[in-house]
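Structural overview
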Amino acid sequence: MSVRRKGPRATLVRVATYVMLVAVAVIVAFPFIVALSTSTKNSQDIFSYPPTLVPQEAATAAAEDFGLEGDPVPIYDFDGTSYALAENNIGIAEYTPLDSLDDPDALIRQEAGLAVETDQVVVIDDDEETVYLVTVDGDEIEAYRSRITSGGLFVSADGDERVELINLAEPVKQFGPRLENFTEVIEDKALGRALTNTVLVTILVVVGQLLTSILGGYAFARIRFVGRDKLFLLYLGSVMVPFVVLIIPLFQIMLQAGWLDSLAALIIPFTFTVYGTFLMRQFFVGIPLEIEEAALIDGASRWRILWKVMVPLARPAIATLATFGFLYAWNSFFWPLVIINSGNTDSRVLSLALAMLGGRSSTDINLVFAGAIIAMAPPILVFLFAQRYFVENSASSGLK
């Protein structure tokens, strides 16, 4: 029975606890939120400044709304008014008024060829510059031409025209996730074959681990034979051997078996797990012996007792073992990197494909993150569905 403390101090402690937990949750979840957001952005939105978590795309409007013809046109914002880009790559001249040489905001930008050239010159930074008469709102202003470049002709819905540098124009944006990133990374970046291989390897590894662990755990827990406990301790002690020590012997075994550079090398060696055998043994030991004895008196065999009595009672432990096996097989990277040739796309698994994608598509960050989201989604879903068994059995067995 839990005791709930009352009073201002207890309330303050609870509020502080919730605030701290929420802060930690936000810190932990933020990288996943950034990855999910980036995976749905287009290539222009990734490098936009300031960066946002909401995927955006350039807004467009019907060309007829701005007196134009053709396909929808992109919209830009100038001083709170929407303009459509009517023509691109036109010649633009920039003029600096002679009476505002030190004011960068006084710069006049208009289509080249409209200003009237005069016979006067002005000395700017020891260079002689020709003076032009530039017409602005009906007034003629004396200015010198500081630069010739290219830009765009923009028109508003009211018919007003202006020329601006396109790279300085502020496009109007709207919410626009690009879900095509996921299909592109699966079809064009060959992630589909790697995803299929990973699903196949994961399913077979999990099934193999469940089968061998149930049989081994039941034998070590219920069947008496000479040297059982010593054999179990020896088997359990093998978990202390680091995997890096086993790599070379395991590689030689795969080479002699002819499984090098094949999915068999990713499946068969990992269908046996010391952790799984120990977990199932511990659970079978906790089941009352009277249940099994009653089944023996009724004439049931060991095999039938195992699958009809013990396994149904061990569903939480089996779910935990399946979760561990799934996460290991799905996220495995180092052993596939050793055993699978980098040029063998037919046997490549998802972890290797993501590493290759990150190296070859460093400029397409949205595609890399889309691949990462595809790889992360199944383990997260499995953990969410099996977290109750995962937590309960980790606590009861004392395993981490």
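It should be emphasised that the depicted structure is a prediction, and the values quoted were computed from it without experimental measurement. (Residues numbered from 1 in each chain as written. Predicted model: local features only at pLDDT ≥ 70, side-chain atom pairs only at ≥ 80, totals over all residues. Heavy atoms only, no water.)

Right, let's talk about unusual backbone geometry for a bit. Here the amide bond leading from Tyr49 into Pro50 is cis, since omega sits at 0°, within 30 degrees of zero. The residue Pro50 is located in the loop between helix H2 (43-46) and strand E1 (56-58) in this model. In this structure, Asn89 takes a positive phi of about 60° despite not being glycine. If you trace the backbone, Asn89 turns up in strand E4 (residues 81-97). Asn89 gets classed as exposed once you look at its relative accessible area, which sits at 63%. For Asp126, which is not glycine, the phi torsion reads 70° and is therefore positive. Looking at the element boundaries, Asp126 is found in the loop between strand E6 (116-124) and strand E7 (127-136). (Helix = DSSP H or I, 4+ residues; strand = E, 2+ residues; numbered from the N terminus. Buried < 20%, exposed > 50% of the residue type's maximum accessible area, 1.4 Å probe, protein only.)

What follows concerns the UniProt feature "domain: ABC transmembrane type-1" (unreviewed entry) in the protein chain. Under the feature "domain: ABC transmembrane type-1" (unreviewed entry), the UniProt entry names residues 195-386. A helix fraction of 77% and a strand fraction of 0% characterise residues 195-386, whose end C-alpha atoms lie 22 Å from each other. (UniProt positions renumbered as here; feature names shortened; annotations may be inferred.)

Membership of the largest hydrophobic core comes to 32 residues, with the highest contact counts inside it found for Ile214, Met280, Phe284, Leu306, Met310 and Ile318. Elements represented by at least two residues in this core include exactly helix H3 (180-187), helix H4 (191-222), helix H8 (274-286), helix H10 (302-313), helix H11 (315-331), helix H13 (350-360) and helix H14 (365-397). Ranked by residues supplied to this core, first place goes to H4 with seven residues. Other than its neighbours up to four places away in sequence, Ile318 contacts Leu210, Ile214, Met280 and Val311. Among the nonpolar cores identified, the runner-up in size contains 16 residues, and Met254, Ala265, Ile339 and Val349 belong to it. (Core = buried A, V, L, I, M, F, W, Y, C linked by side-chain atoms within 4.5 Å. Contact = heavy atoms within 4.5 Å.)

Inspection of the entire model under this criterion finds ten salt bridges. For the salt bridge of Arg162 with Asp79, the shortest nitrogen-to-oxygen distance reads 3.8 Å. Of this pair, Arg162 sits in strand E9 (residues 161-164) while Asp79 sits in the loop between strand E3 (73-78) and E4, and the two are 83 residues apart along the sequence. Here Asp79 falls in the exposed class, since its relative accessible area comes to 74%. Between Arg162 and Glu164 there is a salt bridge whose closest N-O contact spans 2.9 Å. Overall, the relative accessible area of 24% leaves Arg162 in the partly exposed class. Put simply, Asp79, Glu94, Arg109, Arg147, Arg162 and Glu164 are held in one network by salt bridges that share partners. (Salt bridge = Lys/Arg side-chain N within 4 Å of Asp/Glu carboxyl O.)

What follows is about the pairing of E7. Note that E6 and E7 share six bridges and pair antiparallel. By the bridge assignment, Val123 is partnered in E7 with Glu128. Linking E6 back to E7 in an antiparallel pair, the connection comprises two residues, with Asp125 at a positive phi of about 55°. The pairing of E7 with strand E8 (residues 139-156) spans six bridges and is antiparallel. From the neighbouring strand, Val134 faces E8, where its bridge partner is Ile141. (Pairing = 2+ DSSP bridges.)

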